[in-house]
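Fold and contact review
Each chain, letter by letter, is given below.
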Protein chains: 2
Amino acid sequence: MSTNHKTPAVTDARLARARHLLVDLDGTLVRQQEAIAGAAELLKHFEGRYAIVSNNSTHTAPGLAQRLRRLGLRVPAERIVLAGELAVRQLVSEQPGARVMMVASPALQRYARSLGCDLVQSGADFVLLALDMQFSHARLALAVNELLRGAQLVASNADATHPGPHGRVVPETGALLAAVVAASGVRPLRVTGKPAPLLFEEGLRCLGARAEDTVVVGDNPLTDAEGAGRLGMACVLVGQAPGAVAPSVAGLFASSGPAQPVEETAQYRLSESTSKVWRSVRTEVS
Amino acid sequence: MSTNHKTPAVTDARLARARHLLVDLDGTLVRQQEAIAGAAELLKHFEGRYAIVSNNSTHTAPGLAQRLRRLGLRVPAERIVLAGELAVRQLVSEQPGARVMMVASPALQRYARSLGCDLVQSGADFVLLALDMQFSHARLALAVNELLRGAQLVASNADATHPGPHGRVVPETGALLAAVVAASGVRPLRVTGKPAPLLFEEGLRCLGARAEDTVVVGDNPLTDAEGAGRLGMACVLVGQAPGAVAPSVAGLFASSGPAQPVEETAQYRLSESTSKVWRSVRTEVS
């Protein structure tokens, strides 16, 4: 057993050459209530040279930084780029004064208000859909009828699930979006999250990094790898995806102990199959 | 103005020849909290010779009979065939002893229990999805994780919406199904409702009627007309659908007063566009 407290060496050649890192969050660094093996090592190794780039749409960057700290991961808030926040900023800057119905977490709604966004329950110009753990039939009905009345639909992200605790999945914005689209017949004008380039571009900007010196680390071929590829960035996949180099980020280091047991693959297979449903939307909006 | 209290004459030739009627409910006879013009006349004209055949999955037949009575429509409960009840009866008779997670109205759950159905919150063999006005992210998560664990999915119906009051739509089972399918990747084994033939067959049985003597009256080409056609029955459409003979059932009678104003068409267009999403599923299961 090693007593070396230094960060162990990176084994992947692409990572070893990378100047900067854009790192996915759910399924790569954390799984709901826990940090994934190797997450702290990866962030330590690339300290000051990484940004977290996530389709998360419930948290704000400061709130997420706090949550990560509780899981033992110290990440500066200004190095966290989130699809939910970015969707709000995008809408506020492009459509100042627009009336917006948000189906979203309380944190994201507070964030929108802090940017001067005019949040309404009726007569909306836009319906902004993000992951809403209080999603209900009543909220679905409100949103759908606003869309039928003429409001336009924007969504933070199109992931159908993210990995939850105990091998379970958590339904994501994409699942809610499926219900909204089915009932309204209205397709989203834009989906902000990966694989669209905006999130990665924001990550590069906040690092002052260039795509050619930057590697994406993630667990989803259809968001992380595809998004990276569109900007010409290399992508190192972990998890159960085809082409993944290790079952978790711990496997990216030389001396990280015994190999991780291979986890159940349902979560990944799910992400892949359900992502396909939205692939056309994502492609349209990218 | 006529002072004649007799039921006015039917003008549609198919209706005039019909021995029996299978009548759709939402959008044809009622719109949430009100009876549609001409509904009482139609039922009176065909008294003892009609059954209501509806994709409704929240009510039971006795509960619905009571609701209709409040709207001025006296319909015997035994002449009401509902997709939700039928889905439950089908499952209980084909899979006696199965463990069933229901995402459905309290009334439909009570009905299932009354038939001896073993309702569970985990370890389900089947997830039975119907319209659940208490649908929430938490219920979605429960159902999706049961499906990923191996439970099979059955659905009462696949309508994405039904007409609500004040020109609004009410999201239906099909919209919830879209979310469940997106997040689980699991497609329903069976969808009981129209246009699958089961509901119409049950209607014919309870009337002792033959398809060739029976006419379907409805407002949706993709459920009512398509389902009727599969069994060789004629279908008279009302509402805004292409091919509709009148904007409401009132238009089926000679002396029903001035023509109804043409209503907004969004509800129908919606039903059509969203029904398409599920057309393949319906076709598979029919």
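Residues numbered from 1 in each chain as written. Chains lettered and ligands numbered in written order. Predicted model: local features only at pLDDT ≥ 70, side-chain atom pairs only at ≥ 80, totals over all residues. Heavy atoms only, no water.

**Observations regarding the confidence of the model for chain A**
- Within chain A, residue pLDDT values average 88, and 86% of them lie at 70 or more.
- This stretch, residues 256-286 of chain A, has a pLDDT under 50; its non-local contacts, to residues over four places away or in other chains, come to 71 contacts. (pLDDT = per-residue confidence, 0-100. Contact = heavy atoms within 4.5 Å.)

**Description of helix α5 (residues 106-114) of chain B**
All names here are of chain B.
- Every buried residue of α5 is listed here: Leu 108, Gln 109, Tyr 111 and Ala 112. Here the buried residues of α5 occupy an arc of 155° about the axis, which is enough to place them on one side. Seen from the open side of α5, the exposed residues pointing more than 90 degrees away from its buried face are Pro 106, Arg 110 and Ser 114.
- Where α5 is buried, its residues meet α4 (83-94), β6 (99-103) and β7 (118-119).
- Phi turns positive one or two residues past the end of α5, at Gly 116, with a value near 85°. (Buried < 20%, exposed > 50% of the residue type's maximum accessible area, 1.4 Å probe, protein only. Helix = DSSP H or I, 4+ residues; strand = E, 2+ residues; numbered from the N terminus. Arc of directions from axis to C-beta.)

**Describing the side chain of Gln 109 of chain B**
Residues and elements named next belong to chain B.
- Position of Gln 109 among the secondary structure elements: in helix α5.
- Residue class for Gln 109 comes out buried when judged on its relative accessible area of 17%.
- Here the side chain of Gln 109 touches Ala 104 through a polar contact of 3.0 Å, landing on its backbone oxygen.
- Here Gln 109 is in contact with Met 102, Ala 104 and Leu 119, once residues within four sequence places are set aside. (Polar contact = N/O pair within 3.5 Å; in protein donor to acceptor, adjacent residues only side chain to side chain.)

**Some details on the sheet that holds strand β5 (residues 80-82) of chain A**
Residue and element names in this part refer to chain A.
- On the basis of which strands lie adjacent, the open sheet formed by five strands has the order β5-β4-β1-β13-β14 and parallel pairing. One side of each edge strand has no neighbouring strand; the edge strands of this open sheet are β5 and β14 (234-237). Between one strand axis and the next, the sheet turns through 25° on average, direction left out of account.
- Direction of pairing for strand β13 (residues 214-218) relative to β14: parallel, over a ladder of four bridges. Across the sheet, residue Val 215 finds its bridge partner in β14, namely Ala 234. (Pairing = 2+ DSSP bridges. Axes fitted to C-alpha atoms, helices over the stretch in contact; angles between N-to-C directions.)

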